[in-house]
Amino acid sequence: MSAPHEVPHLSVEHFLDAPVRTAASISPDGSRIAYLAPWRNRLNVWVESVEPGGDARPVTADADRSVQIYHWTDDPRWLLYEQDGEGDENWHVHRVDLDDPDAGAVDLTPYPGVKVLSLELPVSRPGKALMRMNLRNRLEFDLHEADIATGELTMLARNPGDAGDWLCAPTGELYSYKLRRDGTMEFARWDAEAGTARVISTADGTDYPLGIAPFEFTPDGKGAWIGSNRDSDRTRLVRLDLATGTETEVDSHHAFDLDTRSTVFPQVPSPLIRDRGTGELIGARYLGERQVIHALDPRFAEVLAHLEKLSDGDVGRLSSDVTGRHWVVGFTHDRDPGATYHYDHATGESRLLFRPRPHLVPEHLAPMTPVTIPARDGLPLPSYLTLPVGAEPAGLPLLLLVHGGPWTRDSWGYHPLAQLLANRGMAVLQVNFRGSLGFGKAFLKAGIGELAGKMHDDLVDAVDWAVEKGYADRDRVAVFGGSYGGYAALVGATFTPGVFAAAIDFCGISNLVTFLRTVPEFTRPHLLNNWYLFAGDPETPEGEAALWARSPMSRVDRIRAPLMVIQGGNDVRVVKAESDRIVEAVRERGIEVEYLVKDDEGHGFANAENDIEVFRAAERFLARHLGTGTATSPAAAE
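K.L.:
Would you explain the pattern of salt bridges in this entry?
P.N.:
Pairing between side chains of opposite charge can happen when the charged atoms of each approach one another. Applying the stated rule across the entire model yields 44 salt bridges. Linking Asp461 and Arg376 is a salt bridge whose minimum nitrogen-to-oxygen distance equals 2.7 Å. Within this pair, whereas Asp461 is found in helix 5 (residues 454-468), its partner Arg376 is found in the loop between strand 29 (368-374) and strand 30 (380-386), the two being separated by 85 residues in sequence. Take Asp461: its relative accessible area is 8%, and that puts it in the buried class. What emerges from the salt-bridge pattern is a single network uniting Asp162, Lys178, Arg180 and Glu186.

Written out as C-alpha cells, the structure is:
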C-alpha cells in the first residue's frame, strides 16, 4: 500500500461527472477513431481522424439518455449504436451514416415494445447485422438479419417456442440453444425448412447459471470456441466440433477462469481476442486478482508486449484495423482509469489519445488492494480493500460494498464510490462471496441454497476480518449494494441487524417471491439454473416458503438501523414495488428511511446528474450515521 500523504477533499462531481472521452475504438480501415463524449450533457458517439489534430464531431444526437454501446461495421461508412428508452431495456439498433453527417440516425428496429437481445457483426457476413428480436411475438425471440445499408430485415429462424438463443455460423448454418426441463442445456443444429433440431452437445446447466459464454464460431464454420468447465473446476477455452460435439482444449490458465463478465456487462470486452480481418483467435483473457492475457498468435504476442508497456493497468477495451497495424487500447486501473493510447505496430510508435477523467490525480486516489479473507468454514474469499490515502489504516468507518448478480464478481479497477468514500476517510471492502462467478465451479455451486445463509455469512465474516485486522471500527460499519447487492444490504439490515449501523439498497429485492413473479415474462424459462436453483421456485409450495424465509420482508420487524433506498422508476428487473413495500413497512415502524426514486432510470442509472445526486445523498447519509465526511487533510475542496 502507498505511503501516506495529504490529499484534498474532492467533490462528488470530481468522481462522477461524465468522462471527457471514453470507450474508444478504431475503424476497420484504420482511418478514424470513435469514442463516447458529452453532447448536450449526454454521452454520444464522436468520430475523429486517427491522425493527430483531426477534427472531432459528434455523430449521434441523443439529448435524453447517454449512449453506452456502439459498433463499427465492416464498412467504415456505417456505425451502429444501441439505445433503450429511459431504462426500459427495450433496446433498439440505430444506424449512423458517417459520410452524411446531416442525415441523422436511423432506427433499424423501429417497432414499439420490441427488444433486441443481441447484435452480432460477423466477419463472414459483410454488410449484415444479426440480431435476436421479439418482433413477431413479445415472448419469443427470432433470429433476424438486417441489411445495414438498406435496413431490410430478413427472418433467418423462427422460434418454435423453446429456443433460448440463436447462432448463425459463417457457413450459413443455424444453431439453437435451449434449456431442457431438467436444467440441461442443449446445443443443436437447426433445420429452418423442417423446423427440427439435431442435438450436437449438451451441458449440465447447473454449471452455467447464465448460459455458456463465450460462444464464437471459428472462421471455417466447422467449430466454435466456448468456455467450458466440463470435467474441470476451472473454465477453460475449448473448441467444440460442430459435427461430433467433441470438445478439445485450446487454452487454459492453471488458476484462473476465462473472463466471462461480458455475459452480464456488454461494455466488458469478450474474453476472446480475434483478428479484425480474418476472425482468427489471437488471444484469451483470464481473470484472477488481476487480468492475464494469453497471446495465441506470434504477431499478437509482439503487439501485446508493446501495449503492456504503456500502463501498469490491465488491457481493457482493445481494437485494431483489419491489417493489425493500428491499435487503440484502453486500460483498466484503480487510480488511472481508462487511459487510452494509439499504437502503430509498423513503426512501434505510440501516443496517448486521452484520459477519460484528466482531473483525477493518481496520487489523490486510493489503491484497490486484493486480499483473501477466510470464511468461517475455511473457504477463501477473494476480495478487494480500499483504504484512505493519508490516514492511519486503523479503526476506520467501513463500507461493505456488495456486487450485484449474484452471478458476477468484483474485480480490480476504478470504482467511483469506493474512491469517494476513501476520500472521506472510510475503508471500503468488496467481497466475492460464494456463488460469485469466475472462481471455479465449486465456488459457484457453494452458493446453491445459501441466499441469506452462507452467502451472507461470508459478508459478515469479511466485516469481522476487517475489524480483527484493526482496519475497521465495529460500531461504524455500513452495507451498500445494487440489485442482488441491494438485496444483500436489506438482508444485512434484517437478518443480522447488529452488524450494520446503516444500510443502502440500490434497486434491491425485498421479497424474493414477488420479485420472481414480476420479472419479464420472456426471462422466466431461463431462471431454472440460476434463481430457481439457488433460491427456489415461487410456483411450488416448498419453493415459495424457502423464498419467503430468505426475504428481507419476512424479517422487516428486526430492522433498527437507518435505511436508504434508491430505485429507478422504469426498472423492469426489480420493479419499483419491491422498494415501495419495504420503505412503507419500515416507516410504519418509525425507523428512518430515505427514499430516492428516479423516474427516467431503470435497473442501474445511465445519466450523470442522477448518479451525482445519488452519491451526494449516500455521502450525507453515511456521514450522518457513521460520522464520516471529512477528507484526510484540510486542503481546499475543489
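There's plenty left to go through after this.
K.L.:
I would appreciate a short explanation of the environment of Arg616 in the present structure.
P.N.:
Among the secondary structure elements, Arg616 is positioned in helix 11 (residues 608-626). For the pair Arg616 and Ser11, spaced 605 residues apart in the sequence, the C-alpha separation amounts to 9.2 Å. Setting aside residues up to four positions removed in sequence, Arg616 forms contacts with Val12 and Glu13.

K.L.:
Explain the sheet that holds strand 25 (residues 314-320) to me, please; I cannot follow it from the model alone.
P.N.:
Within the open sheet, the four strands sit side by side as 25-26-27-28. Their pairing is antiparallel. The open sheet has two free edges, formed respectively by strand 25 and strand 28 (349-354), since each of these has just one partner strand. Neighbour-to-neighbour, the strand axes of the sheet open up by a mean angle of 25 degrees, direction not taken into account. In terms of strand pairing, strand 27 (residues 340-344) meets strand 28 through five bridges, oriented antiparallel. If you follow Thr340 over to strand 28, its bridge partner there is Phe354. Its contacts with the sheet place helix 2 (residues 298-307) against strand 25, strand 26 (326-332) and strand 27, and it is angled at close to 50 degrees to strand 26.

K.L.:
Just checking my understanding: could you explain empty space enclosed by the protein for this structure?
P.N.:
If a probe as big as a water molecule is rolled over the atoms, it shows which places are left empty. Summed over the entire model, instances satisfying the criterion amount to six cavities of 30 Å³ or more. In this structure, the largest cavity encloses a volume near 200 Å³. As for the largest cavity, its lining consists of 20 residues, of which Asp207, Tyr208, Thr235, Thr260 and Leu437 are closest to the centre. Those elements giving two or more residues to the lining of the largest cavity turn out to be strand 21 (257-258) and helix 4 (441-445).

K.L.:
Would you mind showing me how to read the nonpolar core here?
P.N.:
In a soluble, globular protein the nonpolar side chains are often hidden away together inside. Ranked by size, the top nonpolar core spans 66 residues in total, and within it Leu400, Leu429, Leu451 and Trp531 carry the most contacts. When residues in this core are grouped by element, the largest group, eight residues, is from helix 6 (residues 484-495). Trp531 has contacts with Gly405, Pro406, Trp407, Leu451, Tyr484, Ile509, Leu512, Phe515, Leu516 and Gly536, leaving out every residue within four places of it along the chain. Core analysis: the second largest hydrophobic core is formed by 33 residues, Val12, Leu16, Leu401 and Ile612 among them.

K.L.:
What is the right way to read the confidence of the model for the protein from this model?
P.N.:
Any residue range with low pLDDT should be treated as having predicted coordinates unsuitable for detailed reading. Residues at a pLDDT of 70 or more form 98% of the protein, whose mean pLDDT is 94. This model gives residues 630-638 a pLDDT under 50, and the stretch forms 28 contacts once residues within four places in sequence are excluded.

K.L.:
I would appreciate a short explanation of the packing of aromatic side chains in the present structure.
P.N.:
With the rule as written, the count across this model stands at 19 aromatic pairs. Geometrically, the ring pair formed by Phe439 and Phe443 is tilted, given 5.4 Å between the ring centres and 55 degrees between the ring planes. Residue Phe443 is classed as buried on the basis of its relative accessible area of 7%. Positioned above the aromatic ring of Trp412, the side-chain terminus of Arg290 is 3.6 Å from the ring centre.

K.L.:
Just to check I follow, could you spell out helix 6 for this structure?
P.N.:
What sets the pattern is the α-helix's 3.6 residues per turn: residues three or four places apart point alike. Helix length check: helix 6 (12 residues) gives 15 Å between terminal C-alpha atoms against 16 Å at 1.5 Å per residue, within 8%. The element helix 6 is largely enclosed, with a buried count of 12 among its 12 residues.

K.L.:
Before we go on, may I ask you to explain the pairing of strand 6 (residues 78-83) in this structure?
P.N.:
Look at any regular strand and the pattern is simple: side chains alternate between the two faces of the sheet. Most of strand 6 is tucked away, with six of its six residues classed as buried. Every second residue of strand 6 is oriented toward a common face, with Trp78, Leu80 and Glu82 on one face and Leu79, Tyr81 and Gln83 on the other, all of them buried. Pairing analysis gives four bridges linking strand 5 (residues 69-72) to strand 6, with the strands arranged antiparallel. Across the sheet, Ile69 pairs through a bridge with Glu82, a residue of strand 6. Count of turn residues in the strand 5/strand 6 antiparallel hairpin: five residues. As paired elements, strand 6 and strand 7 (residues 92-97) share six bridges and run antiparallel to each other. Paired with Leu79 across the bridge in strand 7 is Val96.

K.L.:
Would you explain the sheet that holds strand 31 (residues 396-402) in this entry?
P.N.:
Backbone-to-backbone hydrogen bonds pair the strands of a sheet. The strands run either parallel or antiparallel. Read from one edge of the open sheet, eight strands run 29-30-32-31-33-34-35-36, paired in mixed fashion. Where the open sheet ends on each side, the last strands, each with one partner, are strand 29 and strand 36 (593-598). Along the sheet, successive strands turn relative to each other by an average axial angle of 20 degrees, direction set aside. Two strands pair when backbone bridges link them, and strand 29 and strand 30 are joined in this way by seven bridges, in the antiparallel orientation. Bridging across to strand 30, Ile373 finds its partner in Leu381.

Parameters at a glance
- Residues numbered from 1 in each chain as written.
- Predicted model: local features only at pLDDT ≥ 70, side-chain atom pairs only at ≥ 80, totals over all residues.
- Heavy atoms only, no water.
- Salt bridge = Lys/Arg side-chain N within 4 Å of Asp/Glu carboxyl O.
- Helix = DSSP H or I, 4+ residues; strand = E, 2+ residues; numbered from the N terminus.
- Buried < 20%, exposed > 50% of the residue type's maximum accessible area, 1.4 Å probe, protein only.
- Contact = heavy atoms within 4.5 Å.
- Pairing = 2+ DSSP bridges.
- Axes fitted to C-alpha atoms, helices over the stretch in contact; angles between N-to-C directions.
- 1 Å grid on protein atoms, 1.4 Å probe; cavity = no way out; pocket = protein on both sides within 12 Å on 5 of 7 lines; lining within 4 Å.
- Points joined across faces, edges and corners; volume = space filled by probe spheres on them.
- Core = buried A, V, L, I, M, F, W, Y, C linked by side-chain atoms within 4.5 Å.
- pLDDT = per-residue confidence, 0-100.
- Phe/Tyr/Trp six-rings, centres within 6.5 Å; stacked < 30°, edge-to-face > 60°.
- Lys NZ or Arg CZ within 6 Å of the ring centre and 35° of its normal.
- Expected span 1.5 Å × (residues − 1).

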